[in-house]
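Residue-level structure breakdown
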Amino acid sequence: MKAAFFRKHGGPEKIEFGELPDPFPGPGTVRVKVKAGALNHLDIFVRNGMPGIPVVLPHVMGSDGAGVVESTGQGVAGVKPGDEVVLNPGINCGECEYCRAGEHSLCVSFRILGEHVPGTFAEYVVAPAANVYPKPAGLSWEEAAAFPLTFLTAWRMLVTKARVRPGESLLIIGIGGGVAVAALQIAKLLGMTVYVTSGTPEKLARAKALGADEGIDHARTDFAGEIRKRTGKRGVDVVLDSVGKATWKQSIASAAKGGRLITCGATTGPDPQTDLTRIFWNQLTVFGSTMGTHGEFAGMLKIFGDGKLKPAVDTVLPLSRAREAVEILEGKRQFGKVVLRVD
Ligand SMILES: [Zn+2]
């Protein structure tokens, strides 16, 4: 099969496009003919190499994908060849105490498609049958590939962790990345007032077009000061910060009394300065969150059901241009998802 993969860890120049053996669906898994795959920052981390997370080389990248079930392994029920599906990239064991409690993304052997196992940037991908869900009818293949990882992540953070309510205010740091844009779209659907920050005026304009109420240029202003000014000194109910080191202290200073902060990543570094005084005096809550459960995936999927909401797709390129697609992401030039069309 044709695939985008790397044989050695390193920069984007390590990405190759070529032939690899077709994967075989083992017991409980399905083989999906991929129609489209979407990029995530995870693809960059995996290619660069992460300490303690060995991958089998050559490694096929890609956590997000949508396609048609082509064959099924032994013991698969409820999924059949010809089904049009999207893939939930979080793979759990089903047996540990967290899986039994329904907390699949806390699984002690939690794995992610395209990170621990071969991914979707290929003609075929093999995944557990439990990880395929019906493709929302109103979405194109590119749109269907664009939402799983980021919308699942944003859904768990806002709905399950922060338990947001209509009328509450949300600040999203660094709009443009996949999770941030998904959070904006979900938050507007849930009736929140949304503030976004970016160092790029064009991204602020695109966020407003997607429904953001206020944009703050974080390259030119201290965004915490700006939030205080724009909220009558109150601050916002919820802050979503996956930027990390560069912004965390200001994020703490942006939260209202009793506010919630959520992190699902730290693209500028995992060891920020913090502010314990504000955390205890203002009685803030900090949530960590990773991906989501099967129940959350199924719940999130419903928001695409009526075809009104579509994930923001920035660029679509053919699979053969995977390296170029990754370079768009590495240059932070995108707003929303960069997608690879596979056939
Ligand atoms: Zn488990």
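Let us look at the structure shown here. (Residues numbered from 1 in each chain as written. Predicted model: local features only at pLDDT ≥ 70, side-chain atom pairs only at ≥ 80, totals over all residues. Heavy atoms only, no water.)

Concerning the pairing of strand β5 (residues 64–72)
Where burial is concerned, most of β5 is hidden: seven out of the nine residues are buried. Examined bridge by bridge, strand β3 (residues 29–38) and β5 share eight bridges and lie antiparallel to one another. By the bridge assignment for β5, Val34 is matched with Gly67. Across three bridges, β5 lies against strand β6 (residues 84–87) in antiparallel orientation. Its bridge partner lying in β6, Val68 is registered against Glu84. (Buried < 20%, exposed > 50% of the residue type's maximum accessible area, 1.4 Å probe, protein only. Helix = DSSP H or I, 4+ residues; strand = E, 2+ residues; numbered from the N terminus. Pairing = 2+ DSSP bridges.)

Re a nonpolar patch on the surface
A cluster of nonpolar residues, Tyr98, Leu106 and Val108, forms a patch on the protein surface that exposes about 280 Å² of accessible area. Structurally, Val108 can be placed in the loop between α2 (97–100) and β8 (111–112). (Patch = residues over 30% accessible without salt bridge, like charges linked within 9 Å, V, L, I, M, F, W, Y side chains within 5 Å. Areas by Shrake-Rupley, 256 points an atom, 1.4 Å probe, with all protein chains shown as cover. Salt bridge = Lys/Arg side-chain N within 4 Å of Asp/Glu carboxyl O.)

Quick word on the sheet that holds strand β2 (residues 15–19)
If you walk across this open sheet you meet the three strands as β2-β1-β4, and the pairing is antiparallel. Lying at the two open borders of the sheet, with one neighbouring strand each, are β2 and β4 (59–60). Here strand β1 (residues 2–6) runs beside β4; their pairing, made up of two bridges, is antiparallel. When the sheet's bridge partners are listed, Phe6 is paired in β4 with His59.

Here we look at the pattern of salt bridges
Within the structure shown, the criterion is met by 21 salt bridges. One salt bridge connects Glu214 with Arg230, and the closest N-O pair in it is separated by 2.8 Å. Here the residue Glu214 occupies a position in strand β13 (residues 214–217), and Arg230 occupies one in helix α7 (residues 223–230), the gap between them amounting to 16 residues.

So, the coordination of the zinc ion
On the protein side, the zinc ion has Cys93 (SG), Cys96 (SG), Cys99 (SG) and Cys107 (SG) as donor atoms, found 2.3 to 2.4 Å from it. Seen from the zinc ion, its four donor atoms lie at angles of 103 to 115 degrees, and the figure they make is tetrahedral. Between consecutive donor residues of the zinc ion, the sequence gaps follow C-x2-C-x2-C-x7-C. Here the residue Cys93 occupies a position in the loop between β7 (90–91) and α2, and Cys107 occupies one in the loop between α2 and β8, the gap between them amounting to 14 residues. By relative accessible area, which is 6% here, Cys107 ends up buried. (Donors = N, O, S within 2.8 Å, 3.2 Å for Na, K, Ca; no water. Tetrahedral: all angles 85-135°; square planar, octahedral: opposite > 155°, others 65-115°.)

Quick word on the nonpolar core
Grouped burial of nonpolar side chains is what soluble globular proteins tend to show. Core analysis: the biggest nonpolar cluster contains 91 residues, and Phe147, Phe151, Leu158, Leu170, Ile172 and Ile175 have the highest contact counts within it. For this core, the element with the most residues is helix α5 (residues 178–189), which contributes eight residues. Here this core spans two domains, since at least three of its residues come from each of domain 1 (2–147 + 311–341) and domain 2 (151–288). Leave out the neighbours within four places in its chain, and Ile172 touches Ala180, Ala183, Leu184, Val194, Tyr195, Val196, Thr197 and Leu240. Counting residues in each nonpolar core, the second largest holds 15 residues, with Ile173, Ile216, Ala255 and Ile279 among its members. (Core = buried A, V, L, I, M, F, W, Y, C linked by side-chain atoms within 4.5 Å. Domains from an automatic or database assignment. Contact = heavy atoms within 4.5 Å.)

A word on the packing of aromatic side chains
Per the counting criterion, the structure on display carries four aromatic pairs. Pairing Tyr133 with Phe297 gives two aromatic rings, centres 4.5 Å apart and planes at 40 degrees, and the pair type is tilted. Highlighted residues: Tyr133 in strand β10 (residues 132–134) and Phe297 in helix α10 (residues 294–301), separated in sequence by 164 residues. Residue classification places Phe297 among the buried residues on the basis of a relative accessible area of 0%. With a centroid separation of 6.4 Å and 90 degrees between ring planes, the pair formed by Phe147 and Phe151 is classed as edge-to-face. (Phe/Tyr/Trp six-rings, centres within 6.5 Å; stacked < 30°, edge-to-face > 60°.)

Notes on the sheet that holds strand β16 (residues 285–288)
Within the open sheet, the six strands sit side by side as β13-β12-β11-β14-β15-β16. Their pairing is parallel. The sheet is open, and its two borders are formed by β13 and β16, each paired with just one other strand. For this sheet, the mean angle separating the axes of adjacent strands, direction not counted, is 20 degrees. Here strand β14 (residues 236–240) pairs with strand β15 (residues 255–263) via four bridges, running parallel. The partner of Val238 across the bridge, within β15, is Arg260. In the packing of helix α4 (residues 148–161) onto the sheet, the strands contacted are β11 (169–172), β14, β15 and β16, and the crossing angle to β15 comes to about 145 degrees. Against the sheet, α5 makes contact with β11, β12 (193–198) and β14, and its axis sits at roughly 165 degrees relative to β11, the strand it touches most. (Axes fitted to C-alpha atoms, helices over the stretch in contact; angles between N-to-C directions.)

Quick word on the environment of Met50
Relative to the elements of secondary structure, Met50 occurs in the loop between α1 (41–48) and β4. Judged by relative accessible area, which is 24%, Met50 ranks as partly exposed. Along the backbone, Met50 and Val69 are 19 residues apart, and their C-alpha atoms lie at a distance of 31 Å. If sequence neighbours within four positions are ignored, Met50 has contacts with Leu42, Phe45 and Glu115.

Focus: the packing of α1 against helix α11 (residues 322–330)
Between α1 and α11, the least distance of the axes is 10 Å, while the angle of their chain directions is 105 degrees. As summarised for this structure, α1 and α11 are arranged roughly perpendicular, according to the angle between their axes. Of the residues in α11, those in contact with His41, Ile44 and Arg47 of α1 are Val326, Leu329 and Glu330. Grouping the amino acids of the contact of α1 with α11 by side-chain chemistry returns three nonpolar, one polar and two charged. (Parallel < 35°, antiparallel > 145°, perpendicular 65-115°, else oblique. Nonpolar A, V, L, I, M, F, W, Y, C, P; charged D, E, K, R; others polar.)

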